[in-house]
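Next come the chains, spelled out residue by residue.
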Amino acid sequence: MKKIEAILHPVRFRMIQYFLDGQKKTAKELAKKLPDISQATLYRQLDTLVKAGILSVVEEKPVRGTVEKVYAVNFSGVILRKEDIRDLSREEHLQYFLLFTAQLAKDFETYLQNDDVDFERDGVGYRQTAVYLTDSEFKQLAGELSAVMKKYVNNPPAPGRKKRMISTIVIPEYERGEEHEQESGSDH
């Protein structure tokens, strides 16, 4: 199985999100967070994530005659690298992007189902901003954003801290014919 398939499967994607806080979890703890996923599916998908190197079994505890596994995220396993996406077709890229955005929509829908929705208080927002950047300026911006995120990504859960999902999508905008003109150097 390709790593991207392991990560962007709708059920596994949701499961991975609960490990991104860096905390260890058992299947029982995960089941409480995802009650709509059957126990059999949960265990099957945990096994898939371990085999894909995305999760690791970091502890095994004897519990009432059986062994309870404790899982943790392998942060290097969650990151998609160039080689993970290099050979994907356009159709596969679109399929995975649609899975990713469908999960974003599901997370937002779940938030909106709360009785006490307050965008300002909760820091909820969505927006799209257009910026004009050279390739060099874009690399600088991406590096700065990465540095900011690294400051906070390993914060453990604590009183007063809310888990907040931050998603980034970068898409260059091409006007019809613009890409061809840039490639050919045409001034028409």
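Residues numbered from 1 in each chain as written. Predicted model: local features only at pLDDT ≥ 70, side-chain atom pairs only at ≥ 80, totals over all residues. Heavy atoms only, no water.

**Q** How do you make sense of the packing of helix α2 (residues 10-19) against helix α7 (residues 90-112) when you look at a structure like this?
**A** To characterise two packed helices, one gives the angle between the axes of the helices and the distance between these axes. It is at 10 Å that the axes of α2 and α7 come closest, and there the two elements cross at 60 degrees. One finds that α2 runs oblique with respect to α7. Where α2 crosses over α7, the handedness of that crossing is right-handed. In this structure, α2 contributes P10, F13, R14 and Q17 to the contact, and α7 contributes L99, F100, Q103 and D107. For the contact of α2 with α7, the per-class residue count stands at four nonpolar, two polar and two charged. (Axes fitted to C-alpha atoms, helices over the stretch in contact; angles between N-to-C directions. Helix = DSSP H or I, 4+ residues; strand = E, 2+ residues; numbered from the N terminus. Parallel < 35°, antiparallel > 145°, perpendicular 65-115°, else oblique. Left-handed = near helix turned anticlockwise from the far one by under 90°. Contact = heavy atoms within 4.5 Å. Nonpolar A, V, L, I, M, F, W, Y, C, P; charged D, E, K, R; others polar.)

**Q** Can you help me understand the pairing of strand β2 (residues 55-63) in this one?
**A** Sheet faces and side chains relate simply in a regular strand, where the side chains alternate between the two faces. Pairing of β2 with strand β3 (residues 66-73), which is carried by eight bridges, proceeds in the antiparallel orientation. By the bridge assignment for β3, K61 is matched with E68. In textbook terms, the turn of a hairpin is the stretch between consecutive antiparallel strands, and for β2 and β3 this stretch comprises two residues, one of which, R64, has a positive phi near 45 degrees. (Pairing = 2+ DSSP bridges.)

**Q** Would you mind showing me how to read the packing of aromatic side chains here?
**A** Geometrically, a pair of aromatic rings is defined through the distance of the ring centres and the angle of the planes. Summed over the entire model, instances satisfying the criterion amount to five aromatic pairs. Put simply, the rings of F108, Y111, F119 and Y126 touch in pairs and so form one group of aromatic residues. The positively charged end of K25 is found above the aromatic ring belonging to F19, 5.5 Å away from the centroid. (Phe/Tyr/Trp six-rings, centres within 6.5 Å; stacked < 30°, edge-to-face > 60°. Lys NZ or Arg CZ within 6 Å of the ring centre and 35° of its normal.)

**Q** For this particular structure, what's the right way to read the sheet that holds strand β1 (residues 25-26)?
**A** Strands pair in a sheet through their backbones, by hydrogen bonds, and they do so in one of two ways: parallel or antiparallel. A sheet is described by the order of its strands in space; here three strands give the open sequence β1-β3-β2, paired in antiparallel fashion. Every other strand in the sheet has two partners, leaving β1 and β2 as the edge strands with one partner each. Packed onto the sheet, α2 meets β1, β2 and β3 and runs at close to 80 degrees relative to β3. Here helix α4 (residues 39-51) sits on the sheet and contacts β2 and β3; the angle it forms with β2, its principal contact strand, is near 130 degrees.

**Q** How do you make sense of unusual backbone geometry when you look at a structure like this?
**A** A negative phi angle is the norm for most residues apart from glycine, just as the trans form is the norm for most peptide bonds. Phi angles above zero are rare outside glycine, and R64 is one such case at about 45 degrees. Among the secondary structure elements, R64 is positioned in the loop between β2 and β3.

**Q** Explain the packing of α2 against α4 here, please?
**A** Put simply, α2 and α4 touch, their axes get as near as 10 Å, and they point 75 degrees apart. Between α2 and α4, the angle falls in the class roughly perpendicular. Mapping the contact onto sequence places V11, R12, M15, I16 and F19 in α2 and T41, L42, Q45, L46, T48 and L49 in α4. Tallied by class, residues from the contact of α2 with α4 come to seven nonpolar, three polar and one charged.

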